[in-house]
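An overview of the molecular structure
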Amino acid sequence: LLMFIVFVLGYMAIAFEHPLKIDKAASALLTAVICWTIYAFAKVDILGVDLNWSLDEFKDQAHHISKSLGHFAWSHEYRPTGVEGEYMENTGWMMDHFIPHELAHHLSEIAQILFFLLGAMTIVELIDAHEGFAVITDRITTTKRVTLIWTLSIITFFLSAALDNLTTAIVMSALLKKIIKDKNDIWFFAGIIIIAANAGGAWSPIGDVTTIMLWIGGQVTAGSIVTSTLIPSMVCLLVPLIIVSFTLKGNITPALGMVDKEHLIAPTTTFQRNLIFGIGVSALLFVPVFKTITHLPPFMGILFGLGVLWVVTEIIHKEKNSEEKSKTSVIGVLRKIDTASVLFFLGILIAVASLQSAGHLEQLAILLEESLGNIYVINLVIGVLSSIVDNVPLVAGAMGMYEMTTYPVDHDFWKFLAYCAGTGGSCLIIGSAAGVAAMGILKIDFIYYVKNTTLYALAGYLAGAATYYFFFANI
């Protein structure tokens, strides 16, 4: 209960960042550390372990307590006492080492996301430093709000399916700053872009981390997930766009005539600009291909692309002096990366991981099953909850709770879960990786998003869910 209260208070501090005048990264980091500290001090009570158990009893009971504790128990049988050849079975020692083991396990998964984020942000910033986005921005000449928001949203929807929603949100956030001058316009457009990125990622097997989990886990096949969730995902985006078309009027104020001052000075040649844009976009598109070929995590693919781009930029700028070179080099670009946003991402994911490890999310899954029962209602609730708690542990909890014998491959439960978990996070800016990335890059206020985007996201989410239920569900 205390862990849950701390998490809620931390979440409120993040939500009210501007009135409190405390950066959200600080609140997220404190929430994470305090939650894990409570867990460390009260682990025996939280997990319900009896320190008087023998090691055999501990191993037998651990699986009933949690899968992670059971796995740890069976993989750590003995403790060296310092005397060679002498070992001691000790349940207390096991519990002392379980929490650091759990934290390290979660950190390895979180680090993959953070390194992916850092790599993608650096590639996008490098393209930006070479004015590569002029290839796109120079072709977007309209200043009409409605036309522009439809154009950017459709681009985002399909780009998200090819890349993933996180990378697409990073790219589109950079584009918004190049196209629009007014902060409120940028924030409003970013809200719809987040909806488009999450909707686009939900129907593709490589578009969202939760869909990737279900695809790799064998719960869904690529063809089935596309045919079943493409139209609901399109509805999820089209409903907010149609509503916005009736309420959004007038023109945007272009950002210096659609280009930055640096672009007018032309820091790079046309060849260099097009080369870096081409290699940068190819590096982002190559990530899912790299993952499919090598079966290595996506962050390895993004680091490979960054490495290639780094070498190319060093070669094409080798004749420049150090001052000129620093503006278009990876080292110079790294200074522009918003480290606070990365630390915020780290904090919120570690905080959620503490709730997953302590069993809060598993209890939530059981509560949903007992109180609701209906798989469509359960998935709808999971989708809404994913806007508050990260969708990855929620989907992981569902995958762990429901075996393949209960719901076989391509069952409605898994396909509808992919849609709900992928799009429900749009309801709050903190509810998806795309939202968190855009929040960090564009400094979007949490309350502003709630007031100006949440209802659009919720309307699209429910409309897409209704579309799936009436046209694709096996009722």
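Please read these numbers as outputs of a predicted model, since none were measured by experiment. (Residues numbered from 1 in each chain as written. Predicted model: local features only at pLDDT ≥ 70, side-chain atom pairs only at ≥ 80, totals over all residues. Heavy atoms only, no water.)

**Concerning the packing of aromatic side chains**
Going by this rule: Ring geometry is summarised as follows: Phe, Tyr and Trp rings, the Trp one being its six-membered ring, pair when their centres sit within 6.5 Å, and such pairs are stacked at plane angles under 30 degrees, edge-to-face over 60 and tilted between the two. For a Lys NZ or an Arg CZ to count as sitting over a ring, it must be within 6 Å of the ring centre and within 35 degrees of the ring normal.
Tallied over the full model, the rule gives 21 aromatic pairs. Following the ring pairs from residue to residue traces out a cluster consisting of Tyr376, Phe416, Tyr419, Tyr461, Tyr468, Tyr469, Phe470 and Phe472. Over the aromatic face of phenylalanine 344 sits the side chain of lysine 24, whose NZ or CZ is 5.5 Å from the ring centroid.

**Some remarks on the layout of surface pockets**
To locate leftover empty space, one rolls a probe as large as a water molecule over the atoms. Heads up, the condition is: Throughout, the protein atoms alone are placed on a 1 Å grid, and a set of points is a cavity if a 1.4 Å probe fits but cannot get out or a pocket if it is open with protein on both sides within 12 Å along at least five of seven lines; lining residues have an atom within 4 Å of a point. Grid points are joined across faces, edges and corners, and a volume is the space filled by probe spheres set on the points. Runs of H or I in DSSP of at least four residues are treated as helices and runs of E of at least two as strands, each being numbered from the N terminus. Here the nonpolar group is Ala, Val, Leu, Ile, Met, Phe, Trp, Tyr, Cys and Pro; Asp, Glu, Lys and Arg are the charged ones; every other residue, Gly included, is treated as polar.
By volume, the second largest pocket amounts to about 640 Å³. Taken together, 26 residues make up the lining of the second largest pocket; nearest its centre are Phe4, Leu355, His360, Leu361 and Gln363. Secondary-structure elements contributing two or more residues to the lining of the second largest pocket are helix H1 (2–15), helix H4 (43–47), helix H19 (339–358) and helix H20 (360–371). With seven residues, the single largest contributor to the lining of the second largest pocket is H1. A class-by-class count of the residues in the lining of the second largest pocket yields 20 nonpolar, five polar and one charged.

**Describing a nonpolar patch on the surface**
As a reminder of what qualifies: Patch membership needs two things, relative accessible area over 30% and no salt bridge, and members are linked within 9 Å if like-charged or within 5 Å if nonpolar (Val, Leu, Ile, Met, Phe, Trp, Tyr). Residue burial considers only the protein chains on display, and all accessible areas are found by Shrake-Rupley using a 1.4 Å probe. When a carboxyl oxygen of Asp or Glu is within 4 Å of a side-chain nitrogen of Lys or Arg, the pair counts as a salt bridge. Type-normalised accessible area, obtained with a 1.4 Å probe on protein chains alone, sets the label of each residue: buried when under 20%, exposed when over 50%, and partly exposed for intermediate values.
Together, Leu1, Phe4, Ile5, Val8, Leu9, Met12, Phe16, Leu20 and Ile22 make up a nonpolar patch on the protein surface, roughly 860 Å² of accessible area in all. Among the elements that take part in the nonpolar patch, H1 stands out by supplying five residues, more than any other. Note that methionine 12 resides in helix H1. The partly exposed category is assigned to methionine 12, whose relative accessible area is 41%.

**Thoughts on helix H10 (residues 165–179)**
In plain terms, the rule: Under the convention used throughout, the expected extent of a helix is 1.5 Å for every residue step, that is, one less than its residue count.
The end-to-end C-alpha distance of H10 is 20 Å, a good match for the 21 Å that 15 residues give at a rise of 1.5 Å each. Where burial is concerned, most of H10 is hidden: 14 out of the 15 residues are buried.

**Concerning the side chain of lysine 43**
Within the element layout of this structure, lysine 43 appears in helix H4. Since its relative accessible area comes to 13%, lysine 43 is described here as buried.

**A few points about the packing of helix H21 (residues 375–385) against helix H26 (residues 454–471)**
Convention followed: Interaxial angle, 0 to 180 degrees, is taken between N-to-C directions of lines fitted to C-alpha atoms, where a helix line uses only the stretch in contact. Roughly parallel refers to an angle under 35 degrees, roughly antiparallel to one over 145, roughly perpendicular to one between 65 and 115, and oblique to any angle outside these ranges. When the near helix sits turned anticlockwise from the far one by under a right angle, the crossing is termed left-handed; a clockwise turn instead gives a right-handed crossing. Only heavy atoms enter the contact rule, under which two residues are in contact if any of them lie within 4.5 Å.
Packing of H21 against H26 leaves a shortest axis separation of 12 Å and a crossing angle of 155°. Between H21 and H26, the interaxial angle falls into the category roughly antiparallel. In this structure, the crossing between H21 and H26 has a hand that is right-handed. Note on element contacts: H26 touches H21 through Tyr461, Leu462, Ala465, Tyr468 and Tyr469, opposite Tyr376, Asn379, Leu380, Gly383 and Val384. Looking at side-chain class alone, the contact of H21 with H26 contains eight nonpolar, two polar and no charged residues.

**Some remarks on the nonpolar core**
Here is the rule: Here the nonpolar core consists of buried residues drawn from Ala, Val, Leu, Ile, Met, Phe, Trp, Tyr and Cys, with membership extended through side-chain atoms lying within 4.5 Å.
Judged by nonpolar contacts, the single largest core of 136 residues is most densely connected at Leu152, Leu176, Phe188 and Phe189. When residues of this core are assigned to their parent elements, the largest contribution, 15 residues, is made by helix H7 (residues 91–129). Contact partners of leucine 176, with chain neighbours within four places excluded, come to Leu152, Ile186, Phe189, Ala190, Ile193 and Leu442.

**Considerations on unusual backbone geometry**
Note on backbone geometry: most residues besides glycine have negative phi, and most peptide bonds are trans. One non-glycine residue with positive phi stands out, namely lysine 21, at about 60°. Residue position: lysine 21 is located in the loop between helix H2 (17–20) and helix H3 (24–41). We classify lysine 21 as exposed; its relative accessible area is 73%.

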